[in-house]
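# Structural overview
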Amino acid sequence: MSETTPVSLLLVDDEPSLREPLAEYLSGQGFVTREAGNAAAARTALLDFQPDLVLLDIMMPGEDGLSLCRHLIEARGLPVILLTARGEATDRIIGLEIGADDYVVKPFEPRELVARIRSVLRRAQRPAPAAEETALYEFEGWQLDPLKQRLTDPDGAVVAMSTAEFRLLKAFLDHPRQVLDRDRLLDMVQGREAHLFDRAVDNQVSRLRRKIEADRSDPQLILTVRGGGYRFAADVRRVASERG
């Protein structure tokens, strides 16, 4: 996509009363917009259409939006904005943890959606990160790829992580052997969706320990500092990544 090439969107929503006027509005804003009424139609559209961004309803008959969201992100690397109802807070959390870029809650102002589309696309067009930013983290046989947000255990198996868990682990790896209090950890790991991740830092640490500690009842990597917070107790090194 260049500055002279119109932005192409795939709008996936099973409600024609929302989808059709929204597609017309987006086309009027200069976007090339293609519609799909369900996940199956979206997958078919993607056979001959490469959108710059997907607008995706979560609640649809058949394959739901979260399943399609995972495919769009993991298999195709497409930016996704979720279209959600007010009562779908849990689904929004799951969508953001999968890797969705943003969400809007129905009913929404089309102008707000356009602003979010442009914001997500600006982030997607940022220059490639420097080599230091993409270098892998290694600790005690584990490896974290910060670009792909992928954690690999000492046996080479990929360990699934939520976005919140990734941010928390990266905060520890960026500050090994330093005491980080709870307020500082919150500042490091919370993004725009901070209000969705309203669980305590202690709970997030407990979830992360389940992933990386051999015995979470006797942690050796993430240590609790009485009255102070937490300290990552392993040495961490950065190594260059060979990306295909």
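Data block above holds the structure.
Residues numbered from 1 in each chain as written. Predicted model: local features only at pLDDT ≥ 70, side-chain atom pairs only at ≥ 80, totals over all residues. Heavy atoms only, no water.

Glancing now at the pairing of strand β11 (residues 222-225). Of the pairings in the sheet, the one linking β11 to strand β12 (residues 229-232) comprises four bridges and is antiparallel in character. Residue pairing in the sheet places I222 in a bridge with F232 of β12. Connecting the antiparallel pair β11 and β12 is a turn made up of three residues, with G227 showing a positive phi of about 75 degrees. (Pairing = 2+ DSSP bridges. Helix = DSSP H or I, 4+ residues; strand = E, 2+ residues; numbered from the N terminus.)

Here we come to the sheet that holds strand β5 (residues 102-105). Note: strands within a sheet are paired through backbone hydrogen bonds, in either parallel or antiparallel orientation. A sheet is described by the order of its strands in space; here five strands give the open sequence β2-β1-β3-β4-β5, paired in parallel fashion. Looking along the sheet, the strands with just one partner apiece sit at the ends: β2 (32-36) and β5. With strand direction ignored, the average angle separating the axes of adjacent strands in the sheet is 20 degrees. Here strand β1 (residues 8-12) pairs with strand β3 (residues 53-57) via four bridges, running parallel. (Axes fitted to C-alpha atoms, helices over the stretch in contact; angles between N-to-C directions.)

With 25 residues, the main nonpolar core has L169, F172, I212 and F232 as its most contacted residues. When residues of this core are traced back to their parent elements, those giving at least two are β6 (136-139), β7 (142-145), α7 (163-174), α8 (182-189), α9 (201-212) and β12. The biggest single contributor to this core is α7, with six residues. Judged by nonpolar contacts, the second largest core, of 23 residues, contains L66, L68, C69 and A100. (Core = buried A, V, L, I, M, F, W, Y, C linked by side-chain atoms within 4.5 Å. Buried < 20%, exposed > 50% of the residue type's maximum accessible area, 1.4 Å probe, protein only.)

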